[in-house]
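Observations on chain architecture
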Amino acid sequence: MQIAPARSMAGIAGITLAAWTACVPALAQGQQSTSLVDLSLEQLANIEVTSVSKRAQRLADVAGSVYVITADDIRRSGATSLPEALRLAPNLHVARADANQYAISARGFNSVIANKMLVLVDGRTVYSPLFSGVFWEERDLMLEDIDRIEVLSGSGGTLYGSNAVNGVINVIKRQASDTQGALATALYGRDDRSAAARYGGTTGSGIAYRVYARRAERDNTVNASGQAVRDASGMNRAGVRAEHSGGGQQWTLQADAYDGRIDQGSVAAPSERRLSGGNVLVRWSMDHTDGGRTQVQAYADRTARDQPGSIRDAITTLDLDVQHLTRSFANHQLLVGGGYRWLRDNAENIAPQTLALLPPQRHLDLANIFAQDEIAVAESVNVTVGAKLERNAYTGVEFLPSARVTWAFAPNHLLWAAASRTVRAPARVDRDYYSPANPPYVIAGGADFVSEVARVFEAGYRAQPMAALSWSLTLFHHRFSQLRSVDATPGGLTVNNNFSGKLTGVEAWGSYRVSDSWKINLGTTQMREQFTALAGTSPVGGSAQLGNDPRSRWNFGSSWDLGGGHELDVTARRVGGLPNPAVPAYSAVDVRWGWHVRPGMQFSVTVRNINDPSHTEWGAGGARAELSRGAIAKLVWRQ
């Protein structure tokens, strides 16, 4: 599916013109974007986050390593997709594998099928039960709808369950009441083109709503020899959101649908990977007079994936989650809840000579109950203890406890520590993967595979010693057992749990306001991994099968308001080399110039990799994608 630029941009222009024509009569006044430099560091520290305790907390008070990417951070970065926006988080390793696929993880184990990060979009889990990870090419969100992204590195198992081993990425969209009026965007770059339209309003009964549609296209990347990798893509997405609040109650209804095509194969034997899906979510909550809160959320999700030469798969999910926060007991904030997920995976083994999931159909239901209590043991000391019991279809009940403590020993200075146990439950590729579909097998599944276990220990210091300066520092140590291995047996290769290991490191970032119009950020992650096979075993491929991670990463950002409606933003990163397969260390600098042409209209130009004609980030030598320097122009119109 090679996309012709002239034809595709004609379609994009048509979408944009139609959106503008439909939206011009709108009377609602759109929300203007707030410049990051208009926010004081104190206001940034007071941003409320929910990822650590499943309740609103000031970022300055949380007992966890959390980095918040705001809507304005995303806008000023020039990011064109969710994975590109995630590069802003210094506690994430983001590596682009081709035009659509990314390897994204925190604290090691990175891979395009990384399986130890839980990803949520407005409270809906988006990982695939095929491999316990995320197909990032399916997460082509409209970035203008995102309010913030909370990136928690470290275990989140007590509240979020298995698979939140190394962290949680929580994407939180803006409320419909904050997106009133019309908006249209058009983007054109060397390899990227997109257009989107959105309209929000309020009914006479006070129901706020918005509808949106987006079309995005990406061209083939090329390898070191200049040959196309054949990964061009086209994605369509549309959705609606409605909400209402009153009398201490709030409800939200939202739905999304998407459809996409991605090139694969070779010039001699081209084919297309087809993706589609949709979801509907309903959430109701009530605030209580004691400061407590009750919330009920339910969603239905359907995804389909047709990958020639591999598999055709359809997954249906129904999920119900209930939680209740009470402050009825002195010095206690008790959160209790539970949930049930009904999941059906229907795989069609279209290439049985290569691979098969056996049995083709699986019921993968998941049930859980949890409790967490935050106790004010002294005026400046809080202790949080909690545990979750979760039952999965493969290993039965798993126990996921945690404990956290904070000490605000001085104004704007917080010390915290945490200890937790979590697991990565088996996925279909761990238990049900065979090659070929009939014996004799080359790969004979993993009938004895059990959950991978992590024990996580952390200590952190968060401070704002002066109005213009703030920082966060976290030391972490993870001990792993029963890690996934592939072993040779007389009946073929099997999946087992014959690795153990440890990981130790530091995450740190800070922000400094040089002046009222200029702000800079600096962040880093440094870590060391050590994995060993159990005595008497020799897993195939060694520990390289666990992931491919740099020891060192650095991030730098600068946001400068030049005056006259002009902005200048610089983001830079230095990523250490990857060991196996070897990928050289690289540096990348992106520069964005933005111009507020007039109220309601913004224009920007972003130049990626301004320091280097091209570099690679992932994959084996020769065939891997070269990411080239390029410019992107974007126009945003609001009514």
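Remember, predicted model here, so these are calculated numbers, not experimental data. (Residues numbered from 1 in each chain as written. Predicted model: local features only at pLDDT ≥ 70, side-chain atom pairs only at ≥ 80, totals over all residues. Heavy atoms only, no water.)

1. Observations concerning the overall build of the chain
Each helix and strand in the chain was counted, giving six helices and 39 strands. Its C-alpha atoms give the chain a radius of gyration of 24 Å, near enough to 26 Å, the size a compact globule of 639 residues would have. Dimensions of the chain, computed from C-alpha atoms along their principal axes, come out at roughly 70 × 65 × 50 Å. Relative to its 639 residues, the chain shows a buried fraction of 55%. Entry remark: accessible area of the chain is about 25,000 Å², with carbon and sulfur atoms responsible for 59%. In the chain, 63 positive and 59 negative side-chain charges are present, and the distance between their average locations comes to 2 Å. (Helix = DSSP H or I, 4+ residues; strand = E, 2+ residues; numbered from the N terminus. Rg over C-alpha atoms; globule rule 2.2 N^0.38 Å. Buried < 20%, exposed > 50% of the residue type's maximum accessible area, 1.4 Å probe, protein only. Areas by Shrake-Rupley, 256 points an atom, 1.4 Å probe, with all protein chains shown as cover. Lys, Arg positive; Asp, Glu negative; His and termini not counted. Charge placed at Lys NZ, Arg CZ, Asp CG, Glu CD.)

2. Let's talk about the sheet that holds strand 3 (residues 65–70)
Strand order in the open sheet formed by five strands is 3-8-9-6-7, with mixed pairing between adjacent strands. The sheet is open, and its two borders are formed by strand 3 and strand 7 (124–125), each paired with just one other strand. Pairing analysis gives six bridges linking strand 3 to strand 8 (residues 146–153), with the strands arranged antiparallel. Residue pairing in the sheet places serine 65 in a bridge with serine 153 of strand 8. (Pairing = 2+ DSSP bridges.)

3. Observations concerning the pattern of salt bridges
This model, assessed by the stated rule, comprises 49 salt bridges. In this structure, the salt-bridge partner of glutamate 458 is arginine 107, at a minimum N-O distance of 3.0 Å. Taken together, the residues span a long stretch of sequence, with glutamate 458 in strand 27 (residues 452–466) and arginine 107 in the loop between strand 5 (102–105) and strand 6 (117–121) at a distance of 351 residues. Judged by its relative accessible area of 1%, arginine 107 is buried. A salt bridge links arginine 124 to aspartate 301, with the shortest nitrogen-to-oxygen separation between them at 2.7 Å. Of this pair, arginine 124 sits in strand 7 while aspartate 301 sits in strand 16 (residues 293–307), placing them 177 residues apart in sequence. Relative accessible area serves as the criterion here: at 5%, arginine 124 is assigned to the buried category. (Salt bridge = Lys/Arg side-chain N within 4 Å of Asp/Glu carboxyl O.)

4. A few points about the packing of aromatic side chains
Overall, the coordinates contain eleven aromatic pairs when judged by the stated rule. Ring geometry for tryptophan 407 against phenylalanine 409: centres 5.5 Å apart, planes inclined by 55°, an arrangement best described as tilted. Taking relative accessible area as the criterion, phenylalanine 409 reaches 37% and is therefore assigned partly exposed. Ring pairs connect the aromatic residues Trp407, Phe409, Tyr461 and Trp471, which therefore count as one cluster. Positioned over the ring face of phenylalanine 109 is lysine 116, at 4.5 Å from the centre of the ring. One cation-aromatic arrangement involves arginine 305 over phenylalanine 135; the distance from NZ or CZ to the ring centre is 3.7 Å. (Phe/Tyr/Trp six-rings, centres within 6.5 Å; stacked < 30°, edge-to-face > 60°. Lys NZ or Arg CZ within 6 Å of the ring centre and 35° of its normal.)

5. Describing unusual backbone geometry
In this chain, leucine 358 is followed by proline 359 through a cis amide linkage whose omega measures 0°. Tracing the backbone shows proline 359 in the loop between strand 19 (356–357) and strand 20 (361–363). A cis amide bond, omega 0°, links proline 439 with the succeeding residue proline 440. Mapped onto the secondary structure, proline 440 falls in the loop between strand 25 (433–435) and strand 26 (443–444). The phi torsion at asparagine 331 lies on the positive side, around 65°, for a residue other than glycine. You can see asparagine 331 is positioned in the loop between strand 17 (311–326) and strand 18 (332–348). You will see that asparagine 412, though not glycine, has its phi angle at about 65°, which is positive.

6. Some words on the pairing of strand 36 (residues 601–608)
With seven bridges connecting them, strand 35 (residues 586–598) and strand 36 associate as antiparallel partners. Considered in strand 36, the bridge of tryptophan 595 is made with phenylalanine 603. Here strand 35 folds back onto strand 36 in antiparallel fashion, the turn holding two residues, of which glycine 600 has a positive phi close to 90°.

7. Here's the deal with the confidence of the model for the chain
Averaged over every residue, the pLDDT of the chain is 91; the share at 70 or more is 93%. Low pLDDT, under 50, characterises residues 1–42; the predicted model gives this stretch 98 contacts beyond four residues in sequence or across chains. (pLDDT = per-residue confidence, 0-100. Contact = heavy atoms within 4.5 Å.)

8. Observations regarding the side chain of arginine 424
Among the secondary structure elements, arginine 424 is positioned in strand 24 (residues 413–424). Assessed through its relative accessible area of 0%, arginine 424 is described here as buried. Here the side chain of arginine 424 touches aspartate 430 through a polar contact of 2.5 Å, side chain to side chain. Not counting residues up to four positions away in its chain, the partners in contact with arginine 424 are Asn115, Lys116, Ser132, Asn163, Val165, Asp430, Phe449, Ser451, Glu452 and Arg484. (Polar contact = N/O pair within 3.5 Å; in protein donor to acceptor, adjacent residues only side chain to side chain.)

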